[in-house]
Amino acid sequence: MAAPATTSVRDRDPDGRARNARPRDGLGRPLPYGVPGVERQPEGVPRTPAESLVEAQRLLDAGMPFHAHEVLEDAWKTSDAPERELWRGLAQLAVGLTHAARGNTTGGASLLRRGAKNIAEFRESPPHGIDVAGLRDWAEALATTLDGTRSEVDLARNTPRLVTR
């Protein structure tokens, strides 16, 4: 006997694409409908690299690495080679920090290492003032700290600086 058809209603954006409209907390975790959440980052906002870095840093400093990841993901998806892997790596670092702050230390460490690997080729000539060497060192150190632990990461002590000062 065939399973009954479901009639679940999916959230849709104005273009009709499936899009979860549930509110989210500061770490991007979905909350129940009707509960106040943190305003989500709009997708597809055209930004210069400098604007992307400033906005992502603001969100990191506010303890919202998931939202910083969304800004960096926009930069990744709109960038051309050769910088595409740089932006992807930066987005992976932010989402790795998100997982670590949520207590998913295994996933956090994995994403931090993947992000560090993706930005590595830019170490000798980092574009846009990005502190590639410092970010790689930070990601590798935090990933090592996360290995074998189950505790959430303190964001105030583990927020990276994206650009050199």
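Whatever comes next refers back to the structure up there.
Reference entry: report on the structure contained in this document. (Residues numbered from 1 in each chain as written. Predicted model: local features only at pLDDT ≥ 70, side-chain atom pairs only at ≥ 80, totals over all residues. Heavy atoms only, no water.)

Here we take up the overall build of the protein. In terms of helices and strands, the protein carries six helices and zero strands. Written out in order from the N terminus, the α and β elements of the protein read α-α-α-α-α-α. Counting all 165 residues of the protein, 40% fall into the buried class. Considering only contacts in the protein between residues 6 or more positions apart, those separated by 24 or more positions represent 58%. Total accessible area computed for the protein in this model is approximately 9400 Å², and 52% of it derives from carbon and sulfur atoms. Side chains of the protein give 23 positive and 23 negative charges; the mean places of these two sets differ by 5 Å. (Helix = DSSP H or I, 4+ residues; strand = E, 2+ residues; numbered from the N terminus. Buried < 20%, exposed > 50% of the residue type's maximum accessible area, 1.4 Å probe, protein only. Contact = heavy atoms within 4.5 Å. Areas by Shrake-Rupley, 256 points an atom, 1.4 Å probe, with all protein chains shown as cover. Lys, Arg positive; Asp, Glu negative; His and termini not counted. Charge placed at Lys NZ, Arg CZ, Asp CG, Glu CD.)

Turning our attention to helix H2 (residues 65-78). For H2, which comprises 14 residues, the first-to-last C-alpha distance of 20 Å matches the rise-based estimate of 20 Å (1.5 Å per residue) to within 8%. Within H2, ten of the 14 residues are buried, leaving the element largely enclosed by the surrounding structure. Residues of H2 that are buried sit in contact with helix H1 (49-61), helix H3 (84-102) and helix H6 (155-158). (Expected span 1.5 Å × (residues − 1).)

Counting 35 residues, the largest nonpolar core has Leu90, Leu93 and Leu112 as the members making the most contacts within it. For this core, the elements supplying multiple residues, two or more each, are H1, H2, H3, helix H4 (105-119) and helix H5 (132-146). Examining the composition of this core, we find that nine residues originate from one element, H3, more than from any other. Dropping the residues within four chain positions of it, Leu90 is found in contact with Leu53, Leu72, Ile119, Ile130 and Leu135. (Core = buried A, V, L, I, M, F, W, Y, C linked by side-chain atoms within 4.5 Å.)

This next bit is on H3. Along its 19 residues, H3 runs 27 Å from first to last C-alpha, staying within 8% of the 27 Å computed at 1.5 Å per residue. A large share of H3 lies buried, amounting to 14 of its 19 residues. Once H3 finishes, Gly103 follows within two positions and takes phi at roughly 95°, a positive value.

Okay, the side chain of Arg24 next. Turning to its location among the elements, Arg24 is positioned in the segment before H1. Buried charged residue Arg24 carries no salt bridge. Nearest counter-charge: Glu70, at 5.8 Å. Within polar-contact distance, the side chain of Arg24 engages the backbone oxygen of Gly28 at 2.5 Å. Those residues in contact with Arg24, other than ones at most four positions away along the chain, are Arg29, Pro30, Leu31, Gly37, Val38, Arg40 and Phe66. (Salt bridge = Lys/Arg side-chain N within 4 Å of Asp/Glu carboxyl O. Polar contact = N/O pair within 3.5 Å; in protein donor to acceptor, adjacent residues only side chain to side chain.)

Turning our eyes to something else, we now look at the pattern of salt bridges. Any two side chains of opposite charge can pair if their charged atoms end up close together. This model, assessed by the stated rule, comprises eight salt bridges. In this structure, Arg161 engages Asp61 in a salt bridge whose closest nitrogen and oxygen atoms are separated by 3.2 Å. Taken together, the residues span a long stretch of sequence, with Arg161 in the segment after H6 and Asp61 in helix H1 at a distance of 100 residues. Judged by its relative accessible area of 47%, Asp61 is partly exposed. One salt bridge connects Arg113 with Asp147, and the closest N-O pair in it is separated by 2.7 Å. Of this pair, Arg113 sits in helix H4 while Asp147 sits in the loop between H5 and H6, placing them 34 residues apart in sequence.

Looking now at the side chain of Asp74. With respect to the secondary-structure elements, Asp74 resides in helix H2. Those residues within four positions of Asp74 in sequence are excluded, and the remaining contacts are Pro42, Glu43, Gly44, Val45 and Arg47.

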